[in-house]
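What follows is each chain in one-letter form.
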Amino acid sequence: ALAWGKPDPGRAREQAVARQATPSVPSSTGPTALPRAAAMLCTLLLCALVLAAVLAVAATAWALSRFRNASDAGKAAARQAGRTTLEFYRCMIFFIRGGKFSETPYFGGPENKGTRVRLFGLCLTFRLWSEPHYRHGTFQDDLRMNLRNVAVPGTGIPLSVFAVHKILAYFLILVLFPLYTLAYAIKAGQGSLEATALAYIEQLLRPTDWFNYWRLNCALASYHSLVTGEEGYALEDKLTFLQVAEQKDVAVSPFLDIPALVCKHRNEEGGLGFHFFSNATSGGDWIIQEVLSNAEPISSLLPDNAPLSTFRVITVSECKNHTVTALSCVWRAGRRNAKTDHSAVLFDVDADKNCFRRGITNTHWYQLGPRKVLTTQWIATHNISEHPDNGRKIAGEKIHADEIMAFAKRAHEAMMPGVPIVGWDVALTEKGMLMLECNL
């Protein structure tokens, strides 16, 4: 996205309006809307300020108590953390004020390119705030919709709260995020000032958790869509995706092309127990599909009553010649009695050896509410070898990863070569290998 020229807002806005199949987040426009919004904003800001003050006081007290008796290496690391924080804010201010990625004077050198991209991506939140988005009305609308069930581990606060107003987003990124990073580092450092300082620098500049990668991709994909007007982003709509896949001869999960569907309970009477669904193919909101089942060898690795468990394959397309490469593959091993594989253990797939690696969970990012503050783990590691519901060993088991990744690669080439990065959900079903959807 950084290689393209200036945005074409006119074209992007036209495409955003044309793709409004999913309504944007509703907003109040009545006479009481502004007072209510102001009251909510003030309340949220007050709570955030209190939280920030508590974190700042606690972190400062801890740092001072450790600094006095720290080793020379610990003190040097602490000073380096202070300098890094100062450069972090200088770089953020540079980007917020409209500075170009290629001209930033901070965190120079090829070894720090990832850091510059990350901070640029954070600041894109503010640049894109009111711009049209390919999934919802604006970038802000998209944040409010997609962050409703996500909370930074240990806080219990849905991140969509900070998408209510741009001021809250500034406060989250510029104040709460560095403070939370310090709290995380203190926990990870286990009492060592040197280890804490190094963990702080790493998490501030180069975090490797899935959420930070996902957030970075959301920002850069939105920016790329705005700059280029690439039509491939329309395939984020699930019906459009299925229809284009059929046109391009990409095997997808079957869907019914009927006007509507009615489901009724076998025993209820008096007009009760009826549910009607208008099909998206006829202008409704619902894509009507049959439930698919896991095929071998997947089904034998899962517990009874596990959901359809998919492979998430990441592919990239070079912007100049649209050469597509499959980067990675993860299997979401669904949990017992779960309806979807969003409740799963995530096992990395070794594409070279065609086998599963150890797994990890990301459930700690979905723990909402005050009760989760003290009970949610902050850190997850790749240390799971067996499925927790049936004890079946997963790590080391063979899987035809090369075929799965080649399938996703062909889909990217056929359906949206102009989109730089795509996440594909591939399922091995009783009907064969099928593509469920793409994630942009």
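Computed from a predicted structure; not experimentally measured.

### Looking at the packing of helix α4 (residues 113–127) against helix α8 (residues 210–228)
Now for step 1: At a minimum axis distance of 9 Å, the contact between α4 and α8 shows a crossing angle of 65°. For the crossing formed where α4 meets α8, the hand is left-handed. Residues V117, R118, F120, G121, L122 and L124 of α4 lie in contact with α8, whose contacting residues are N212, R215, L216, A219, L220 and Y223.
Now for step 2: Its residues placed into classes, the contact of α4 with α8 shows eight nonpolar, two polar and two charged.

### With respect to unusual backbone geometry
Now for step 1: Cis geometry marks the peptide bond from E296 to P297; its omega dihedral reads 5°.
Now for step 2: Tracing the chain through its elements places P297 in the loop between β2 (274–278) and β3 (311–317).
Now for step 3: A positive phi angle, near 60°, is found at D249, a position not held by glycine.
Now for step 4: Among the secondary structure elements, D249 is positioned in the loop between α9 (238–247) and β1 (260–264).
Now for step 5: Accessibility expressed as a relative area gives 71% for D249, which makes it exposed.
Now for step 6: Phi at N337 takes a positive value of approximately 70°, unusual for a residue other than glycine.

### Thoughts on the nonpolar core
Now for step 1: Formed by 46 residues in total, the largest nonpolar core has its most connected members in F88, M92, F95, L119 and L159.
Now for step 2: Elements with a minimum of two residues in this core: α3 (72–96), α4, α5 (139–146), α6 (166–189), α7 (193–205) and α8.
Now for step 3: In terms of residues, this core owes the most to one element, α6, which gives eight residues.
Now for step 4: One finds L242, F347, I399 and M415 within the second-largest nonpolar core, a separate group that totals 43 residues.

### Considerations on the packing of aromatic side chains
Now for step 1: Per the counting criterion, the structure on display carries 22 aromatic pairs.
Now for step 2: Relative to Y223, the ring of F120 lies with its centre 6.0 Å away and its plane at 70°, an arrangement referred to as edge-to-face. Of this pair, F120 sits in helix α4 while Y223 sits in helix α8, placing them 103 residues apart in sequence.
Now for step 3: Judged by its relative accessible area of 3%, F120 falls in the buried class.
Now for step 4: With centroids separated by 6.3 Å and ring planes inclined at 45°, the aromatic side chains of F241 and W424 adopt a geometry described as tilted.

### Quick word on the sheet that holds strand β8 (residues 432–439)
Now for step 1: Spatially, β6-β5-β4-β3-β7-β8 is the arrangement adopted by the six strands of the open sheet, whose pairing is antiparallel. Sheet topology places β6 (355–360) and β8 at the edges, where each strand pairs with a single neighbour. The mean inter-strand angle of the sheet, taken between neighbouring strand axes irrespective of direction, is 30°.
Now for step 2: Sheet topology places β3 next to strand β4 (residues 324–334); seven bridges connect them, and they run antiparallel. Bridging across to β4, S317 finds its partner in V324.
Now for step 3: In the packing of helix α10 (residues 401–415) onto the sheet, the strands contacted are β3, β4, β5 (344–350), β7 (421–429) and β8, and the crossing angle to β3 comes to about 45°.

Definitions and cut-offs
- Residues numbered from 1 in each chain as written.
- Predicted model: local features only at pLDDT ≥ 70, side-chain atom pairs only at ≥ 80, totals over all residues.
- Heavy atoms only, no water.
- Axes fitted to C-alpha atoms, helices over the stretch in contact; angles between N-to-C directions.
- Helix = DSSP H or I, 4+ residues; strand = E, 2+ residues; numbered from the N terminus.
- Left-handed = near helix turned anticlockwise from the far one by under 90°.
- Contact = heavy atoms within 4.5 Å.
- Nonpolar A, V, L, I, M, F, W, Y, C, P; charged D, E, K, R; others polar.
- Buried < 20%, exposed > 50% of the residue type's maximum accessible area, 1.4 Å probe, protein only.
- Core = buried A, V, L, I, M, F, W, Y, C linked by side-chain atoms within 4.5 Å.
- Phe/Tyr/Trp six-rings, centres within 6.5 Å; stacked < 30°, edge-to-face > 60°.
- Pairing = 2+ DSSP bridges.

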